[in-house]
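Overview (structure and organization)
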Amino acid sequence: MKYFILSLTGLLGFVLSFSFRSKADEWVSLLDTNLTQWETYLSYAHKPDYNGKIPTDASGKPIPPIGYNKDDTHVFSVLNEPGGPVLRISGETYGCLFTRKAYENYHLVLEMKWGEKKYDPRKNKLRDSGILYHSIGEAGVEYFRSWMLSQEFQVMEGHMGDFWCQANSVIDIRSFPSEGIMNRVADEKQPFAPFKGGGDYYCLRSANYESPAGEWTRLELICFEGKSLHLVNGHVVMVLKDSRYSKPDGQEVPMRQGKIQLQSEAAEVFYRDIRIKPLTALPRAYADLF
């Protein structure tokens, strides 16, 4: 995937963001009826021939993105279900729901299941979304001009827990080496290998633990001091460390905190029971994976 460089404005946004403050082992719900802990960004309803460039109108003039907190079509909405609020992301327009706060050293838990609707440019492709973490800077800096510089926990049919570099992010993942046009595959017994734009930027999860169609899948993201774990229905599917991003001069800068984004990416998806708690140490059960 192509990538763009973090702007100075993005760096300023990162400096001004703060980690959350809560007692250790205390779960905090991130989902309520009015989405009070989130903001939105919407870019474009991309077409099948999208090529990474800013879309243009009939006269060739660049079309501006919809922008921040302008969700007139209700891409993001909350359903009041008997078991509690459920977030619906229509997927009709590319963009994200992102937390107002930045987070560092935490355990995030949420459940998801797919809806029925799909849109261009993914009508004939797998349903797709994603959890983007350590998100800093402005939205719209990567290939689809829709998301912030971040690390991606892929949410995709058959690919729960995959990894993508977003923009100029860099990270190391325990994974098998790739050959030719193949992608690397996560495996907790393998050495760490770097992932960054211009090289390996996508990694397959170690195995498929997604729930059957129509059922909820439990996703967990554990982040501590630059290390992270992707879990699907209780199974570790990826082990990552040394989260960072690359500057234009090639210098790599640690990226250990930031906002959390949930992607709108041409597929209807539902999320519920979104909770987070701070960590003072990596959970003992997973320490040996590093």
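What counts and what doesn't
- Residues numbered from 1 in each chain as written.
- Predicted model: local features only at pLDDT ≥ 70, side-chain atom pairs only at ≥ 80, totals over all residues.
- Heavy atoms only, no water.
- Helix = DSSP H or I, 4+ residues; strand = E, 2+ residues; numbered from the N terminus.
- Rg over C-alpha atoms; globule rule 2.2 N^0.38 Å.
- Buried < 20%, exposed > 50% of the residue type's maximum accessible area, 1.4 Å probe, protein only.
- Core = buried A, V, L, I, M, F, W, Y, C linked by side-chain atoms within 4.5 Å.
- Contact = heavy atoms within 4.5 Å.
- Polar contact = N/O pair within 3.5 Å; in protein donor to acceptor, adjacent residues only side chain to side chain.
- pLDDT = per-residue confidence, 0-100.
- Pairing = 2+ DSSP bridges.
- Phe/Tyr/Trp six-rings, centres within 6.5 Å; stacked < 30°, edge-to-face > 60°.
- Salt bridge = Lys/Arg side-chain N within 4 Å of Asp/Glu carboxyl O.

Once that is clear, we can look at the overall build of the protein. Within the protein one finds one helix and 21 strands. In terms of overall size, the protein behaves like a compact globule, its C-alpha atoms giving a radius of gyration of 18 Å where 290 residues would be expected to give roughly 19 Å. By its C-alpha atoms, the protein is 55 × 50 × 40 Å across when sized along the principal axes. Per-residue burial over the protein gives 53% buried out of 290 residues.

Moving on to unusual backbone geometry. Here the bond from D120 into P121 is cis, since omega is 0 degrees, no more than 30 degrees from zero. Within the secondary structure layout, P121 lies in the loop between β8 (106–118) and β9 (128–136). Of note, the phi angle at N105 is positive, near 60 degrees, even though the residue is not glycine. With respect to the helices and strands, N105 occurs in the loop between β7 (103–104) and β8. Since its relative accessible area comes to 16%, N105 is described here as buried.

Moving on, we get to the nonpolar core. Core analysis: the largest hydrophobic core is formed by 43 residues, its most contacted members being L108, I131, Y271 and I274. Apart from the residues within four sequence positions on either side, I274 is in contact with V28, S29, L30, L31, W38, L87, L108, V109, L110 and L262. The next biggest cluster of nonpolar side chains, apart from the first, holds 13 residues, and it includes Y94, Y119, F144 and A266.

Relative to the assigned elements, R127 resides in the loop between β8 and β9. At 3.1 Å, the side chain of R127 forms a polar contact with the backbone oxygen of G115. Contacts of R127, omitting those with residues within four sequence positions, involve W114, G115, E116, K118, V155, M156, E157 and A267.

Here we come to the confidence of the model for the protein. On average, residues of the protein carry a pLDDT of 93, and 92% of them reach 70 or more. Confidence drops under a pLDDT of 50 for residues 1–19, and excluding neighbours within four residues, the segment shows 42 contacts in the predicted structure.

On any regular strand, side chains alternate: one points to one face of the sheet, the next to the other face. Burial analysis of strand β2 (residues 38–42) places five of its five residues in the buried class, which makes it a mostly covered element. Of the two faces of β2, the one lined by W38, T40 and L42 and the one lined by E39 and Y41 are each fully buried. Note that β2 and strand β6 (residues 95–99) share five bridges and pair antiparallel. Note on β6: the bridge partner recorded for L42 is G95. Here two bridges tie β2 to strand β3 (residues 67–68), and the two strands are oriented antiparallel to one another.

This structure, assessed with the given rule, holds 13 aromatic pairs. Geometrically, the ring pair formed by Y143 and F144 is edge-to-face, given 5.0 Å between the ring centres and 85 degrees between the ring planes. Overall, Y143 belongs to the buried group, its relative accessible area being 15%. Residue class for F144 comes out buried when judged on its relative accessible area of 14%. Chaining the aromatic ring pairs together yields one cluster made of Y50, Y94, Y143, F144 and W147.

For the rest of this paragraph, the subject is the pattern of salt bridges. Evaluation of the coordinates by the stated rule reveals 10 salt bridges. With a shortest N-O distance of 3.1 Å, R244 and D172 are connected by a salt bridge. Here R244 is found in strand β18 (residues 235–246), whereas its partner D172 is found in strand β12 (residues 169–176), with 72 residues between them in sequence. You'll find R244 and D172 in the same group, each marked buried. Among the ionic contacts, a cluster of salt bridges with common partners joins D172, K196, R244 and E252.

For the rest of this paragraph, the subject is the environment of S246. Along the chain, the position of S246 falls in strand β18. Given the relative accessible area of 13%, S246 is considered buried. Separated by 78 residues in the primary sequence, S246 and N168 place their C-alpha atoms 5.6 Å from one another.

Turning our attention to the pairing of strand β17 (residues 227–232). Most of β17 sits out of view: five of its six residues are buried. In this structure, strand β16 (residues 217–224) lies alongside β17, joined through six bridges in antiparallel fashion. Bridge assignment links L221 to a residue of β17, and that residue is H230. In this antiparallel pair of consecutive strands, β16 and β17, the connection spans two residues, and E225 shows a positive phi of 50 degrees. Here β17 pairs with β18 via five bridges, running antiparallel. Among the inter-strand pairings, S228 is bridged to a residue of β18, identified as L240. Linking β17 to β18, which pair antiparallel, is a turn of two residues; within it N233 sits at a positive phi near 50 degrees.

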